[in-house]
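What follows is the residue order along each chain.
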Amino acid sequence: MKIFNNLKFDLIIKLKNYNLWGFLSKNMKNRERKIGPKFGDNYSIPKHHLKPTLYEDQINFDRMRMYRLNRIREQLAQNDIGACILFDPINIRYATDTRNMAVFSFHLMTRYVFIPVSGPVILFEYPKCEFIYENNCTIDEVRQVIHWDHFSWGNKVSLKALEWSKTVNDLMKKYCSHNNNLAIDVCDPAGINALKDNYKYKLINAQKFLEIARSIKSEDEITCLRAAVKVAEMGFLKMHEKLQANMTEEELWAHFHKVNIENGGEWFETRLLSSGPRTNPWFQECSNRIIQKGDLVAFDSDMVGPYGYCADISRTFVEGGKLNDEQQRLHDLAFENISHNEQLIKPGLNFREFAEKAWRLPDNCFDNHYPCQIHGVGMCDEWPFVAYPDKNFTNGDYSGSFEENMVICVESYIGEVGGKEGVKKENQYRITKNGLENLGSIPLNLH
């Protein structure tokens with residue numbers, strides 16, 4: 001202890017000699033900010049100069065957080081569920097507005113949250129990270145995670161899963177003793193078996209309840225989505241500027257990544273950018289192919305941007321800026337496809353009625369069609385999902401209806417079977433009482 005005190009004293013003297021002690025004393029204060037992380041009174045950190053995230057001053061974060069949490073609890077109450085446990089990082093983000101190594105925790109169950117229909121929200125966080133969620137209005141308690149992946153526990157997986165199930169049982173008895181219905185979104189067999197083999201809970205898939213909760217956006221969420229789309233369009237314009245022959249697809253795609261990250265964005269769900277003959281059929285991910293003169297370059301953003309919200313929009317450019325006749329024909333068909341379908345959608349329209357009235361793909365393009373015509377979007381692609389129907393409408397659930405304040409994407413892919421190239425277009429819209437509001441501004445015919 002004496003040695004430590006002497007070292008501490010020497011450090012203070014050196015700081016004073018270099019006039020740094022006053023600077024640090026002045027700036028070692030708690031940081032107050034609208035978006036996390038937040039620190040409690042016991043933490044002192046240097047003051048940072050922070051660049052505001054797009055539209056940050058227009059968002060009431062606590063109001064948005066409580067809206068989302070209450071949407072989940074409404075679903076639990078309506079479906080007689082005592083509590084839910086969420087492992088999916090996107091579901092955790094929606095419920096609590098907490099983020100920690102999201103992509104890592106997609107493949108390791110290192111974080112989860114317990115949400116009773118009434119009672120405290122308890123976040124189980126990755127070891128040594130419990131401190132980062134001080135002052136979050138959605139979280140009542142943070143505990144260190146009990147996890148049971150083989151990466152961390154090897155042959156002790158079953159023992160750790162049993163320990164986890166005992167904790168779940170304790171929480172259910174304390175906060176949901178009257179209700180044995182427990183909803184879980186994703187969990188591996190070791191965890192599920194530990195619950196089923198030792199306790200008498202009725203386990204229910206929570207994803208339906210989360211998808212329905214997430215489908216109707218608040219005004220604050222709409223602003224987050226506007227920010228995500230704006231950043232995506234900034235990336236599109238940067239790619240449009242940089243596109244030239246002799247660069248690779250990956251070199252072009254890298255410009256998009258840079259724009260997203262430097263504007264507070266998070267990750268990309270896919271790598272869907274392709275050029276020339278790789279644009280047909282669709283779903284050929286970004287490669288090291290060298291773009292040639294006159295190539296079409298098609299891409300789908302699938303971008304998780306600022307605040308964890310997704311921009312899912314698509315465009316098709318042409319190297320050199322001038323379409324040939326065949327490329328123009330494909331562009332015109334895709335433009336017609338989206339323009340027709342966007343006019344149909346309004347609150348109350350049934351999914352089947354939409355599918356019956358939707359634009360008809362040319363016969364020589366049908367076998368290459370995109371998997372859906374419409375899908376929802378929020379923190380990622382979400383319900384609803386309206387497919388291209390088969391003859392008996394058996395290839396999907398067409399029973400739902402569009403609702404006000406859903407946010408949806410209208411999709412089009414035009415690529416003839418055996419054709420040289422294809423065109424991908426997609427816009428992202430808010431459903432209003434009067435129809436669709438395009439959340440973006442870049443025209444579909446920018447090429």
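Predicted model only: the values in this text are computed from it and were never measured.

J.: I'd like to hear about empty space enclosed by the protein, residue by residue, with values.
T.: In the structure shown here, the tally under the stated rule is 2 cavities of 30 Å³ or more. Here the largest cavity is characterised by a volume of approximately 80 Å³. As for the largest cavity, its lining consists of P89, I90, R93, T98, R99, N100, A102, E266, W267, G308 and M379. Looking at the lining of the largest cavity element by element, the count peaks at 3 residues for helix α4 (residues 89-96). Tallied by class, the residues present in the lining of the largest cavity amount to 5 nonpolar, 3 polar and 3 charged. Empty space within the second largest cavity amounts to approximately 40 Å³. Forming the boundary of the second largest cavity are I85, Y112, V113, F114, F124, W164, T167, V168 and L171. At the level of secondary structure, the elements contributing two or more residues to the lining of the second largest cavity comprise β2 (112-116) and α7 (157-175).

J.: Talk me through the sheet that holds β2; I want residue IDs and the actual numbers.
T.: If you walk across this open sheet you meet the 6 strands as β4-β3-β2-β1-β5-β6, and the pairing is mixed. Single-partner strands in this sheet number two, and they are β4 (141-144) and β6 (202-205). When the angles between neighbouring strand axes are averaged without regard to direction, this sheet yields 20°. With 4 bridges connecting them, strand β3 (residues 122-125) and β4 associate as parallel partners. Across the sheet, I122 pairs through a bridge with E141, a residue of β4. On top of the sheet, α4 reaches β1 (83-86), β2 and β3; it is set at about 50° to β2, its chief contact.

J.: Please provide a residue-by-residue account of the packing of helix α3 (residues 61-78) against α4, values included.
T.: Geometry of a packed helix pair, given as the angle between the helix axes and the separation of the axes. Two elements in contact, α3 and α4, have axes whose closest approach is 6 Å; the angle formed by their N-to-C orientations is 110°. Here α4 runs roughly perpendicular to α3, going by the angle between their axes. Side by side, α3 and α4 meet where Y67, R68, L69, R71 and I72 of the first sit next to R93, Y94 and A95 of the second. For the contact of α3 with α4, the residue count by class is 5 nonpolar, no polar and 3 charged.

J.: Outline the packing of aromatic side chains, listing residues and values.
T.: Summed over all chains, the structure comprises 24 aromatic pairs. A ring pair is formed by W253 and F256, whose centres lie 5.3 Å apart and whose planes are at 75°; its orientation type is edge-to-face. Taken together, the positions of W253 and F256, both in helix α11 (residues 249-262) and 3 residues apart, correspond to about one turn of that helix. Measuring from centroid to centroid gives 4.9 Å for F351 and F402, while their planes differ by 70°, and the two rings are edge-to-face.

J.: Can you tell me about the pattern of salt bridges, naming the residues and giving the values?
T.: Counted by the stated rule, this structure contains 27 salt bridges. Among the salt bridges present, the one from E382 reaches R214, with a minimum N-O distance of 3.1 Å. Residue E382 is found in strand β14 (residues 381-387), and its partner R214 is found in helix α9 (residues 207-215); the two are separated by 168 residues along the sequence. There is no split in this pair, since E382 and R214 are both buried. A salt bridge links R271 to E250; the nearest nitrogen and oxygen atoms lie 3.0 Å apart. With a gap of 21 residues between them, R271 in the loop between β7 (267-268) and β8 (273-275) and E250 in helix α11 connect regions that are remote in the sequence. Looking at R271, the relative accessible area reads 34%, which means it is partly exposed. Accessibility expressed as a relative area gives 33% for E250, which makes it partly exposed. What you see here is one network of salt bridges that share partners, running through D62, R65, R68, R93, D97, R99 and E266.

Conventions we followed
- Residues numbered from 1 in each chain as written.
- Predicted model: local features only at pLDDT ≥ 70, side-chain atom pairs only at ≥ 80, totals over all residues.
- Heavy atoms only, no water.
- 1 Å grid on protein atoms, 1.4 Å probe; cavity = no way out; pocket = protein on both sides within 12 Å on 5 of 7 lines; lining within 4 Å.
- Points joined across faces, edges and corners; volume = space filled by probe spheres on them.
- Helix = DSSP H or I, 4+ residues; strand = E, 2+ residues; numbered from the N terminus.
- Nonpolar A, V, L, I, M, F, W, Y, C, P; charged D, E, K, R; others polar.
- Pairing = 2+ DSSP bridges.
- Axes fitted to C-alpha atoms, helices over the stretch in contact; angles between N-to-C directions.
- Contact = heavy atoms within 4.5 Å.
- Parallel < 35°, antiparallel > 145°, perpendicular 65-115°, else oblique.
- Phe/Tyr/Trp six-rings, centres within 6.5 Å; stacked < 30°, edge-to-face > 60°.
- Salt bridge = Lys/Arg side-chain N within 4 Å of Asp/Glu carboxyl O.
- Buried < 20%, exposed > 50% of the residue type's maximum accessible area, 1.4 Å probe, protein only.

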